[in-house]
Structures are given as C-alpha cells and as structure tokens.
Amino acid sequence: MSPLTSIVLTPLITALVVLLIPGNYRFVLRLVAIAGTAVTAALATRLFFLFQPGGGLQFDHQVPWLNHAVFSLSYHVGADGLNIGLILAAALVGFAAVGVSWDIERQPTLYYFLLLLIIGGALGAFASLDLFFFYFFNELALVPTFLMIGLWGRGPEKNYAAFKITIYLTLGAMIALVGLILVYAQTQTLDVVKLRALIATAPLPSGIQAVAFPCLLFGFGTLVGLWPFHSWAPLGYASAPTATAMMHAGILKKAGLLALLRVALPIMPEGVAKWMPVLLVLGLGNLLYCGFVAMRQRNLNLLLGNSSLAHMGFCFLGIASVSVIGVTGTVLVMVSHALLAALSFAVSGWFHRHAGTLELNRFGGVLARVPFFGTVLIAALMAGCGVPGFANFAGEVTVMFGAWKQFPWFVMAAAWGGLVIGGVYMLRAIREMLHGELNPEFAALREFPHSEPLPEPLPNIGLGAQVVTWLTWVLNSALGGGIWRGWRRLPYVVLLASLLLFGFAPGILTERIRPDAEELVKLATNRVPTTAVAPATEPK
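To keep things clear, this report deals only with the structure shown in the data block.

Scoring rules and cut-offs
Residues numbered from 1 in each chain as written. Predicted model: local features only at pLDDT ≥ 70, side-chain atom pairs only at ≥ 80, totals over all residues. Heavy atoms only, no water. Helix = DSSP H or I, 4+ residues; strand = E, 2+ residues; numbered from the N terminus. Contact = heavy atoms within 4.5 Å. Areas by Shrake-Rupley, 256 points an atom, 1.4 Å probe, with all protein chains shown as cover. Expected span 1.5 Å × (residues − 1). Salt bridge = Lys/Arg side-chain N within 4 Å of Asp/Glu carboxyl O. Buried < 20%, exposed > 50% of the residue type's maximum accessible area, 1.4 Å probe, protein only. Polar contact = N/O pair within 3.5 Å; in protein donor to acceptor, adjacent residues only side chain to side chain. Patch = residues over 30% accessible without salt bridge, like charges linked within 9 Å, V, L, I, M, F, W, Y side chains within 5 Å. Phe/Tyr/Trp six-rings, centres within 6.5 Å; stacked < 30°, edge-to-face > 60°. Lys NZ or Arg CZ within 6 Å of the ring centre and 35° of its normal. Axes fitted to C-alpha atoms, helices over the stretch in contact; angles between N-to-C directions. Parallel < 35°, antiparallel > 145°, perpendicular 65-115°, else oblique. Left-handed = near helix turned anticlockwise from the far one by under 90°. Nonpolar A, V, L, I, M, F, W, Y, C, P; charged D, E, K, R; others polar. Pairing = 2+ DSSP bridges.

## Quick notes on the overall build of the chain
Part 1 of the argument: Looking only at helices and strands, the chain features 19 helices and two strands.
Part 2 of the argument: Sequence-distant contacts, at least 24 apart, represent 80% of the contacts inside the chain between residues at least 6 apart.
Part 3 of the argument: Working note: accessible area of the chain is about 19,800 Å², and carbon and sulfur atoms make up 68% of it.

## Brief notes about helix 16 (residues 409–434)
Part 1 of the argument: With 26 residues, helix 16 extends 38 Å between its outermost C-alpha atoms, agreeing within 8% with the 38 Å of an ideal straight helix rising 1.5 Å per residue.
Part 2 of the argument: Glycine 436 sits one or two positions beyond helix 16 and adopts a positive phi of about 85 degrees.

## Describing the pattern of salt bridges
Part 1 of the argument: The tally for this structure, following the rule as stated, stands at six salt bridges.
Part 2 of the argument: Here glutamate 432 makes a salt bridge to arginine 298, at a shortest N to O gap of 2.6 Å. With glutamate 432 in helix 16 and arginine 298 in the loop between helix 11 (269–295) and helix 12 (300–321), this pair connects stretches of sequence that are 134 residues apart.
Part 3 of the argument: Its relative accessible area of 18% is what places glutamate 432 among the buried residues.
Part 4 of the argument: Taking relative accessible area as the criterion, arginine 298 reaches 29% and is therefore assigned partly exposed.
Part 5 of the argument: A salt bridge links glutamate 511 to arginine 512, with the shortest nitrogen-to-oxygen separation between them at 3.2 Å.
Part 6 of the argument: When its relative accessible area of 43% is taken as the criterion, glutamate 511 is described as partly exposed.
Part 7 of the argument: The network of salt bridges with shared partners includes Arg298, Arg431 and Glu432.

## Overview of helix 8 (residues 206–224)
Part 1 of the argument: The first and last C-alpha atoms of helix 8 sit 26 Å apart over 19 residues, in line with the 27 Å expected at 1.5 Å per residue.
Part 2 of the argument: Positive phi appears at glycine 225, one or two residues downstream of helix 8, with a value of about 105 degrees.

## Topic: the side chain of aspartate 80
Part 1 of the argument: Mapping aspartate 80 onto the fold places it in the loop between strand 2 (72–79) and helix 3 (84–99).
Part 2 of the argument: A polar contact of 2.7 Å, which involves the side chain of aspartate 80, links it to the side chain of arginine 262.
Part 3 of the argument: Aspartate 80 has contacts with Phe51, Gly56, Arg262 and Asp516, leaving out every residue within four places of it along the chain.

## Looking at a nonpolar patch on the surface
Part 1 of the argument: A contiguous nonpolar surface patch, about 400 Å² in accessible area, is contributed by Trp65, Leu66, Phe132 and Phe136.
Part 2 of the argument: Residue assignment for the nonpolar patch shows that the elements contributing at least two residues are strand 1 (58–67) and helix 5 (131–152).
Part 3 of the argument: Inspection of the secondary structure puts tryptophan 65 in strand 1.

## Observations concerning the environment of glycine 402
Part 1 of the argument: With respect to the helices and strands, glycine 402 occurs in helix 15 (residues 391–404).
Part 2 of the argument: Distance in space between the C-alpha atoms of glycine 402 and threonine 330 is 9.6 Å, their sequence separation being 72 residues.
Part 3 of the argument: With residues up to four places along the chain from it excluded, the contact list for glycine 402 reads Ser321, Ser323, Ile325 and Gly326.

## A short note on the packing of aromatic side chains
Part 1 of the argument: Tallied over the full model, the rule gives 24 aromatic pairs.
Part 2 of the argument: Over the ring of phenylalanine 372 we find arginine 489; its NZ or CZ atom is 5.1 Å from the centre of that ring.
Part 3 of the argument: A cation over an aromatic ring shows up here: arginine 512 above the ring of phenylalanine 48, its NZ or CZ 4.5 Å from the ring centre.

## Quick look at the packing of helix 4 (residues 108–127) against helix 5
Part 1 of the argument: Here helix 4 crosses helix 5 at 150 degrees, and the two axes come no closer than 8 Å. Considering their axes alone, helix 4 and helix 5 lie roughly antiparallel with respect to each other. Considering only the axes of helix 4 and helix 5, their crossing is left-handed. On helix 5, the residues that touch Leu110, Tyr111, Leu114, Leu115, Leu117, Ile118, Gly120, Gly121, Ala122, Gly124 and Ala125 of helix 4 are Phe134, Phe137, Asn138, Leu140, Ala141, Pro144, Thr145, Leu147, Met148, Leu151 and Trp152.
Part 2 of the argument: By residue class, the composition of the contact of helix 4 with helix 5 is 17 nonpolar, five polar and no charged.

## Regarding unusual backbone geometry
Across residues other than glycine, the phi torsion is negative in most instances, and most of the peptide bonds are trans.
Part 1 of the argument: A cis geometry characterises the amide bond from tryptophan 227 onward to proline 228, with omega recorded as 5 degrees.
Part 2 of the argument: Assignment of secondary structure puts proline 228 in the loop between helix 8 and helix 9 (232–239).
Part 3 of the argument: With a phi close to 55 degrees, phenylalanine 59 is a non-glycine residue in the positive phi region.
Part 4 of the argument: Mapped onto the fold, phenylalanine 59 is located in strand 1.
Part 5 of the argument: Given a relative accessible area of 21%, phenylalanine 59 falls into the partly exposed group.
Part 6 of the argument: Its identity as a non-glycine residue notwithstanding, glutamine 107 has a phi of 50 degrees, on the positive side.

## Here's the deal with the pairing of strand 2
Part 1 of the argument: Strand 2 sits mainly inside the fold: seven of its eight residues count as buried.
Part 2 of the argument: Two strands pair when backbone bridges link them, and strand 1 and strand 2 are joined in this way by seven bridges, in the antiparallel orientation. For glutamine 58, the partnering residue across the bridge sits in strand 2 and is alanine 79.

## Considerations on the side chain of threonine 5
Part 1 of the argument: Position of threonine 5 among the secondary structure elements: in helix 1 (residues 3–19).
Part 2 of the argument: Overall, threonine 5 belongs to the buried group, its relative accessible area being 6%.
Part 3 of the argument: Apart from the residues lying within four places of it in its own chain, the contact partners of threonine 5 are His61, Tyr75 and Val77.

## A few points about the packing of helix 10 (residues 242–267) against helix 13 (residues 324–355)
Part 1 of the argument: With their axes 7 Å apart at the nearest point, helix 10 and helix 13 run at an angle of 170 degrees to one another. With respect to each other, helix 10 and helix 13 are oriented roughly antiparallel. In the crossing of helix 10 with helix 13, the sense of the turn from one axis to the other is right-handed. Contacts between helix 10 and helix 13 involve Thr242, Ala245, Met246, Ala249, Gly250, Ile251, Lys253, Lys254, Leu257, Leu258 and Leu261 on the former and, on the latter, Val327, Val331, Met334, His337, Ala338, Ala341, Ala342, Phe345, Ala346 and Gly349.
Part 2 of the argument: Per-class residue counts for the contact of helix 10 with helix 13 are 15 nonpolar, four polar and two charged.

Written out as structure tokens, the structure is:
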C-alpha cells in the first residue's frame, strides 16, 4: 500500500472499528479514535518531510477502477507542492479535532464515526488526482458535517444552520459538477495528469472554457465562502460542534481552492484571462465586507466565522494575481489558515463548554483565571491579525507581494484596509474577553474544574481494554490528574506549535510549493509550448 493511501485509509478503517464498539464504552471509543488519528498524523508528518522539493509528482499510486470504452475511472493519488502541506494540515487538525471531543456523551459511537469520515474524506480529496474521486471524497466529508450540526450542534438556530449550509454547499457542488462534466465530455478523462497532457497538445475550445470556467469558479467558490455566496458559513460554524467547526472552517473549505488551482487555472487559460478580474472584486468583498461584519459581532464564534471568510479573500487575491509568488502565497495561506481556524474554534469551544457563553460583553479579566487557554486564545487572535512569527503573516505578506505587481494601487489599499480591520476586531476581542475587571459570574472558572472527573475504569469490557483503562486511571489518580490534564492541552499545543514553526520557517513550505506554482502559472498564462508536457505532471 502506498504511503498516501495508508494516510487516507487509516481514519476510514478506524471509523469502521468505532462502529463495532458499544456506545456505553465511551473511554474505549475515544482511545480508538485518538489512536487512529495519531497514526494518521504521524504518517502525514513523515510523508511531508520525505517530500523532495522540486521533484514533481511524488508518492504516485494509481489503480484502475472502471475501464469502459465510454467511461473509465481510476483511483489515483499523489503529492506535489500544491497538496503536500494540506495533507499534513488535515491530519494534524483531524487529530486535534478528536482530542477536543473528549466531552461527547450523547451517541459517541455515531459522533466519532462521522468525525472520522470527515477526516478521511478530507485527506482523500486533497490526495486525489482523479476528479471523480476528488468529488467523491469531498462529498464523503461534507455529508457528515450536515448531520453533526443537526445532531450535536448548539444554539436555537442549529437546525436552520444545518439546512442552510446543506442547501448552499449542495448547490455549489452541483454547479461545479456541471463544469467537470463539460471538461470530461471534451477530454474523456478526469485524471489531472492526463488532462494537462491533453491540454498541452489540444487546448479546450473557447466555448467550453466560457461555460466550464465560471461553473468551476462559482461552484467551488461557494464551497469556500466566496462573497456574496458566503452567508452559510458564520452561522454554520457558530452552531456546529467544536470538532466539526474545526474541520470545516480549517480543512474542508480548502478543497474548493485546491480544485481551482488543480483544474480551472491550468487547463482553461482563456477563462483565467476573462474571469480573474471578477474574482479579484469578489475576493476584495471577502476581505472588506466580511471584515466589517466581523467588527459588528458580539459573539466570539460569529466573529471567528466572519474572520475566516475575510482570510479567504487573501487566497482569492493570490489566485487572481496569476503570479508565482501570489499562487505560492495562496497555498501558504491555505495551510496556515487551516491550522489557525482549527485552533481558534478549538479554544472557542473550550470557553463555551466551561463558561456557557461566547458573548464578548459578558467576559472580562478571565486570563488570570485560565492562563493557558487565555494565552492560546491570544495567540490565535494575534495570528489572525497577521502578527509576524505566525504562519499567517508569511502567507499574507507573500500574497501582497504577488498582488503588488499585478493590480492598481487602490486594490493594494483595499487589501491593507482588510488587514487593519482584522486587527481592530481581533484586538478588541482580546481586550473584552481576557483583560479588564473580572466578571463575578466567572470567578469560579478554572482550566480543570474539580468537578470534572478523570476517566473512570469501566466494568464488563475486554481484558486488554480493562488493563489500559485501569492503568490510565491509576496513573492520573497518583499524579493528581497531571497526565490527564497534560493530554487535554496537547491538541492546542500541536496546532499552535505548527503555526509558529511555519511562521518562523516558512521556507519549509514555500520551497515545496514554488516549483509547482511556477508550472501552474505557465499553464494558466498559456506560456507552455503546445508540444511540451511539464515533467512535474508526468505520471510515474
């Protein structure tokens, strides 16, 4: 089995194992889910550092699935500079999402099964080089998202939010499907590698590009939250359970961006020339409109949801620049935002669980009561401001450099305005929640309340599971809950450490991204000779 296939299958196999465990064995369910995602994260980390920058398509694995004269499909996965960072981010966020779900008590078997499907689907979509399987894996991840909001969501509008996100994302997926069908009807393949080879010798007709490109742009754009087709996102994230918000805001939205980079730009240069000015305007809408809406929010989750959409404006700005540095910055923002959004919603979920509210005006001075989680929240919000030292700064400044040479001065002024707006609402949230006079309502708030029990040994389970459970309970009891409490901090530490690593050493990512960004820009601007096939896209 190839390394990429192992990474995709591990959470899916873990999901099947979870189904075999009765719901009343919650501790065992959690251990299995954590173990499966920890293995996935370890495999993805190893794969990331084994990846050779500039080595073209790597870890290529193709298995014919359906071979017919009219319609043929193959399971085809591979890694290049565009997706290797996203695969790592998806695995790390998946591990963290399971780690912060320890308090799930209602229908835990179904909860972990659906969450593991989301993780496996996201990894499969990022790794797929066949657009049929890309679409399949993306839908495999989206459908459980709708269910989890309805079943474990919070707030009086959770059902409305679940229906709204379902309608928007289904319509977006259907519009994108029309574009993919048009591409297949013309080329008779959905394999990305074969598509690029075919387009190099026989470009798509102008009529096909004129219809297919906007279908892909607005279809996948809706999945990302492109303004003005974005209103499903803030309420959806505010109503979703913590792990679901982490996975969707952090990971699943990036599938639409990856599809634009994989398909729309490299094979439809005429569509790029016609529609990039439109994407630029809509991307600025994300930056400015969603930023102003975030300033008006008094609920932390709604603020984070609108902020997430504003950050997507930088991705659209980098794509619209059709420049190497702009596309490189876009992919860097995609990876950094995946980690940032997951961290932000993770710590927001912790505050909701322990404080019972996310209304900013009800907090005040809680940093002294919960120094670890308060510090993590400060770090997440400062990263959202684009503070140097975090990966988001590296990505956003790279996009700005890419846009500088391509767009007029007023576009850059608007982009800088978006950064200023982000700083205002992020810093205001830090001040209102964490500083100032402590609200007496939260005088008893603690990071690990005495009323929060340690995992208890479970009777009537298998000998192996019983031994593990007893050892965990004995060790935690002997050490005053030290191991238990340390574990509860681990998901936040993993995400924050990753943001800092890529912030202080962004070259780890950019050296992997740049060669494929150069090839993509050449194809998107139609500068490749018609007889040439890029080495990075040749099947191995």
